[in-house]
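Listed here are the chains, written in short residue letters.
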Amino acid sequence: KQEVTQIPAALSVPEGENLVLNCSFTDSAIYNLQWFRQDPGKGLTSLLLIQSSQREQTSGRLNASLDKSSGRSTLYIAASQPGDSATYLCAPYNAGNMLTFGGGTRLMVKP
Amino acid sequence: DTAVSQTPKYLVTQMGNDKSIKCEQNLGHDTMYWYKQDSKKFLKIMFSYNNKELIINETVPNRFSPKSPDKAHLNLHINSLELGDSAVYFCASSRHSWDSEAGYTFGSGTRLTVV
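Every value quoted in this text rests on a predicted model; they were computed, and no experiment measured them.

With respect to the sheet that holds strand β8 (residues 72–77) of chain A
Residue and element names in this part refer to chain A.
Working step 1: In space, the 5 strands of this open sheet follow the order β1-β3-β8-β7-β6, with antiparallel pairing throughout. Two strands in the sheet have a free side with no partner beyond their single neighbour: β1 (4–7) and β6 (56–59). The mean angle between the axes of side-by-side strands here comes to 15 degrees, regardless of whether they run parallel or antiparallel.
Working step 2: Strand direction decides the pairing type here: β1 and strand β3 (residues 19–25), joined by 4 bridges, are antiparallel. Pairing of threonine 5 across the sheet is with serine 24, part of β3.

Next up, the structure:
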């Protein structure tokens, strides 16, 4: 059974810092992996989807990497802004197109 | 135009009642899902349907009965509500049940509070 751990659970940084959010998963037989953002009281917004054959994916200030064999993914946020404050969720895809979520990293970027 | 829409957004009800949450997607996807986010914020899959057929049921109590009248709709009916059912319920869809290349699209969630 897939288990997903995200470290750190919470992070508070001043504006402008570069950040790394970590995600590890126990079952490396994944298809793809998706990073989401969740704002308080809101739904999930897809940030990046990394195909299993890719090692990284970029969108604007976000870069996600995937190392299937070691069961790790990282989300790099460059030049953080207060608007980046949210919970970031990592979710690998397993058989049946099923997502397993980590507990998230709660990010606060202070002006 | 909202891609995956859920109604209602908030639902407060008493223990023992029966309630339904509706979900509709206009993306032309074949597969729809229900996920539950508990008070500790963990998101877990409950059900998945592909073209109106149930394909995943993650040991959810049979008080929860999903219904898919067509592939664009997946409703969740809950009988005899219990305090522990209080959570945020998210509907989602994907292109196919076997294809994660395009990923999931989630609805905005329904916050259910049982009192």
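As for the packing of aromatic side chains
The description of two aromatic rings rests on the distance between their centres and on the angle between their planes.
Working step 1: Counted under the stated rule, the structure contains 12 aromatic pairs over all chains.
Working step 2: Taking the centre distance of 5.4 Å and the plane angle of 90 degrees together, the rings of A:Phe36 and B:Phe106 count as edge-to-face. Of the two residues, A:Phe36 sits in strand β4 (residues 32–38) while B:Phe106 sits in strand β10 (residues 104–106), which places them in two different chains. Across the pair, exposure class does not vary: A:Phe36 and B:Phe106 are buried alike.

Regarding the side chain of B:His29
Residues and elements named next belong to chain B.
Working step 1: Along the polypeptide, histidine 29 turns up in the loop between β3 (19–25) and β4 (31–37).
Working step 2: Here the side chain of histidine 29 touches serine 94 through a polar contact of 3.4 Å, landing on its backbone nitrogen.
Working step 3: If we ignore the near neighbours within four places in the chain, the residues touching histidine 29 are Lys71, Ser93, Ser94, Arg95 and Thr105.

Some thoughts on the interface of chain A and chain B
Working step 1: Counting residues at the interface gives 20 residues for chain A, matched by 23 residues for chain B.
Working step 2: Of the roughly 1,600 Å² buried where chain A meets chain B, counting both sides, 54% is carbon and sulfur surface.
Working step 3: A per-residue breakdown of the area chain A buries against chain B is headed by A:Asn97, A:Met98 and A:Phe101, which together make up 32% of the total.
Working step 4: Put simply, chain A and chain B have 0 salt bridges between them.
Working step 5: Where chain A touches chain B, the interface holds 7 residue pairs in polar contact (both at pLDDT 80 or more).
Working step 6: If one sorts the elements of the side of chain A that touches chain B by residue count, β4(A) sits on top with 4 residues.
Working step 7: When its residues are assigned to classes, the side of chain A that touches chain B shows 9 nonpolar, 10 polar and 1 charged.

Let's talk about a positive patch on the surface
Working step 1: There is a patch of like positive charges on the surface, built from A:Lys42, B:Lys9, B:Lys41 and B:Arg111.
Working step 2: With respect to the secondary-structure elements, B:Lys9 resides in the loop between β1 (4–7) and β2 (10–13).

Describing the side chain of A:Thr105
Residue and element names in this part refer to chain A.
Working step 1: As for its position among the elements, threonine 105 is in strand β11 (residues 105–110).
Working step 2: In terms of polar contacts, threonine 105 uses its side chain to reach the backbone carbonyl oxygen of proline 8, at 2.5 Å.
Working step 3: Setting aside residues up to four positions removed in sequence, threonine 105 forms contacts with Gln6, Ile7, Pro8, Ala9, Leu11, Leu21, Ala86, Thr87 and Tyr88.

Some details on the pairing of β3(B)
Residue and element names in this part refer to chain B.
Working step 1: Summarising the sheet, β1 and β3 pair through 4 bridges and their orientation is antiparallel. Residue pairing in the sheet places threonine 7 in a bridge with lysine 22 of β3.
Working step 2: Of the pairings in the sheet, the one linking β3 to strand β8 (residues 73–78) comprises 4 bridges and is antiparallel in character. Paired with serine 20 across the bridge in β8 is histidine 77.

Digging into the nonpolar core
Working step 1: A:Leu33, A:Trp35, A:Leu75, A:Ile77, A:Tyr88 and A:Leu107 are the most contacted members of the largest nonpolar core, which totals 22 residues.
Working step 2: The set of elements that each furnish at least two residues to this core consists of β3, β4, β5 (44–51), β7 (62–67), β8, β9 (86–94) and β11 of chain A.
Working step 3: The greatest single-element share of this core, amounting to 4 residues, is contributed by β3(A).
Working step 4: Membership of the second largest hydrophobic core comes to 20 residues, among which are B:Val4, B:Leu76, B:Leu81 and B:Ala87.

Conventions adopted
Along each chain, residues carry numbers from 1 onward, in the same order as the chain's sequence is written. Chain labels run from A onward and ligand labels from 1 onward, assigned in the order the entries are written. Residue-level local features of this predicted model are given only where pLDDT is at least 70; pairs of side-chain atoms are given and counted only at 80 or more, and the full residue set underlies all totals for whole chains, interfaces and linings. Only hydrogens and water are set aside; all other atoms, that is, all heavy atoms of the structure, feed into the side-chain values. The pairing criterion for strands is at least two bridges between them, as found by DSSP. Counting from the N terminus, the helices are the DSSP runs of H or I reaching at least four residues and the strands are the DSSP runs of E reaching at least two. Lines fitted to C-alpha atoms define the axes here, with helix axes fitted over just the stretch in contact, and angles between the N-to-C directions of these axes take values from 0 to 180 degrees. Stacked, tilted and edge-to-face pairs are distinguished by plane angle, under 30 degrees for stacked and over 60 for edge-to-face with tilted covering the rest, among Phe, Tyr and Trp rings (Trp via its six-membered ring) whose centres lie within 6.5 Å. Burial classes: relative accessible area under 20% of the type maximum marks a residue as buried, over 50% as exposed, and values in between as partly exposed (1.4 Å probe, protein chains only). Polar contacts, as used here, are pairs of N or O atoms within 3.5 Å; protein pairs need one atom able to donate a hydrogen and one able to accept it. Residues neighboring in sequence count only if both atoms are side-chain atoms. Contacts are assigned to residue pairs that have any heavy atoms within 4.5 Å of one another. By definition, the buried area sums, over both parts, the 1.4 Å-probe accessible area that each loses when the two are put together. For this document, the term salt bridge refers to a Lys or Arg side-chain nitrogen within 4 Å of an Asp or Glu carboxyl oxygen. Following the grouping adopted for this structure description, the nonpolar residues are Ala, Val, Leu, Ile, Met, Phe, Trp, Tyr, Cys and Pro, the charged ones are Asp, Glu, Lys and Arg, and the polar ones are all others, Gly among them. A patch is a set of surface residues, each over 30% in relative accessible area and not in a salt bridge, joined within 9 Å for like charges and within 5 Å for the nonpolar side chains Val, Leu, Ile, Met, Phe, Trp and Tyr. Only the protein chains shown count as cover for residues, with accessible areas throughout obtained via the Shrake-Rupley method and a probe of 1.4 Å. All tallies of charge rest on Lys and Arg as positive and Asp and Glu as negative; His and the ends of each chain are not included. The location of each charge is read from NZ of Lys, CZ of Arg, CG of Asp or CD of Glu. In plain words, nonpolar cores are sets of buried Ala, Val, Leu, Ile, Met, Phe, Trp, Tyr and Cys residues tied together by side-chain atoms within 4.5 Å.

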